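Each chain is listed here by its residues.
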Amino acid sequence: MVHALDGLDRELIAALQSNARMSTTDLAKRLRVARTTVVSRLSRLEAQGVIVGYTVRLGATEGREGVQAFVNLSVSPKAARSVVDRLSLFPELRQLAAVSGEFDYLAVLRAGSTQRLDALLDEIGEIDGVIRTTTSVLLAMRIDRIA
């Protein structure tokens, strides 16, 4: 049975999202509760599938340098599989999601420079089956909770 998250659960999750290596002792101090409370909350959240793992974020993978862009793609339905296969070959492609709405896919790209991003967008636009793209370049990340 999944219990609704209360304020303490949310604070605990937010603290772990900012630093998953924080010790239970430090979490308890930050949340002003007993360490055993943190341990039991973590156990419950893990058992319920609310927390499914802990991870390491590498600077090179996260791309603190370079440029990140979000690319919306409209794709011919008959070419969808081949477009996805071609996109998967780009090392700069971090995520690709099928989405509802005006576009079929949302791609998250990380390029080493704006010149490489420009070339990458040209390459994507030339893939057979790609009908249209729109791109938004990330200027600043205000909140980042994705591991």
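Because the structure is a prediction, the values reported are computed rather than measured.

On to the nonpolar core. Counting residues in each nonpolar core, the largest one holds 20 residues, and the members touching the most others are Leu73, Val83, Leu87, Phe90, Leu109 and Ile124. Looking at this core, the elements with two or more residues in it are strand 1 (67-75), helix 5 (80-87), strand 3 (105-111) and helix 6 (114-125). Sorting elements by how many residues they give to this core places strand 1 first, with 5 residues. Apart from residues lying up to four places away in sequence, leucine 73 is in contact with Leu87, Phe103, Asp104, Tyr105, Ala107, Ile124, Val130, Arg132 and Thr133. Residues Leu12, Ala15, Ala28 and Val38 belong to the second largest nonpolar core, which totals 13 residues.

Let's shift gears to the pairing of strand 2 (residues 93-98). As defined by bridge partners, strand 2 adjoins strand 3 across 5 bridges and the pair is classed as antiparallel. Residue pairing for strand 3: leucine 96 is matched across the bridge by alanine 107. Here strand 2 folds back onto strand 3 in antiparallel fashion, the turn holding 6 residues, of which glycine 101 has a positive phi close to 110 degrees.

Here the focus is the packing of helix 1 (residues 7-18) against helix 2 (residues 24-31). Where helix 1 contacts helix 2, the two axes come as close as 11 Å, and the packing angle between them is 125 degrees. Judged by the angle between their axes, helix 1 and helix 2 are oblique. As helix 1 packs across helix 2, the resulting crossing turns out to be right-handed. When helix 1 is examined against helix 2, the residues Leu8, Glu11, Leu12, Ala15, Leu16 and Ser18 are found in contact with a partner set consisting of Leu27, Arg30 and Leu31. A per-class count over the contact of helix 1 with helix 2 returns 6 nonpolar, 1 polar and 2 charged.

For the rest of this paragraph, the subject is helix 3 (residues 35-47). Taking 1.5 Å per residue as the helical rise, helix 3 with its 13 residues ought to reach 18 Å, and the 18 Å between its terminal C-alpha atoms agrees with that figure. Considered for burial, the residues of helix 3 that qualify are Val38, Arg41, Leu42 and Leu45. Buried residues of helix 3, viewed axially, fall in a sector of 100 degrees; they line one side. Summarising the geometry of helix 3, the exposed residues directed more than 90 degrees from the buried face are Thr36 and Ala47. Those residues of helix 3 that are buried are in contact with helix 1 and helix 2. Phi turns positive, to about 80 degrees, at glycine 49, one or two residues after helix 3.

Let's shift gears to helix 2. Those residues of helix 2 lying buried are Leu27, Ala28 and Leu31. Down the axis of helix 2, the smallest arc covering the buried residues is 100 degrees, so these residues share one side. Looking one or two residues past helix 2, arginine 32 carries a phi angle of roughly 60 degrees, positive in sign.

Take the sheet that holds strand 2 next. The sheet built from 4 strands is open, its strands ordered 2-3-1-4 with antiparallel pairing. The open sheet terminates on both sides in strands that have one partner only, identified here as strand 2 and strand 4 (130-137). On average, adjacent strands in this sheet sit at an angle of 20 degrees to one another, irrespective of strand direction. Taken strand by strand, helix 6 contacts strand 1, strand 3 and strand 4, and its axis lies near 145 degrees from that of strand 3.

About the thresholds
Residues numbered from 1 in each chain as written. Predicted model: local features only at pLDDT ≥ 70, side-chain atom pairs only at ≥ 80, totals over all residues. Heavy atoms only, no water. Core = buried A, V, L, I, M, F, W, Y, C linked by side-chain atoms within 4.5 Å. Buried < 20%, exposed > 50% of the residue type's maximum accessible area, 1.4 Å probe, protein only. Helix = DSSP H or I, 4+ residues; strand = E, 2+ residues; numbered from the N terminus. Contact = heavy atoms within 4.5 Å. Pairing = 2+ DSSP bridges. Axes fitted to C-alpha atoms, helices over the stretch in contact; angles between N-to-C directions. Parallel < 35°, antiparallel > 145°, perpendicular 65-115°, else oblique. Left-handed = near helix turned anticlockwise from the far one by under 90°. Nonpolar A, V, L, I, M, F, W, Y, C, P; charged D, E, K, R; others polar. Expected span 1.5 Å × (residues − 1). Arc of directions from axis to C-beta.

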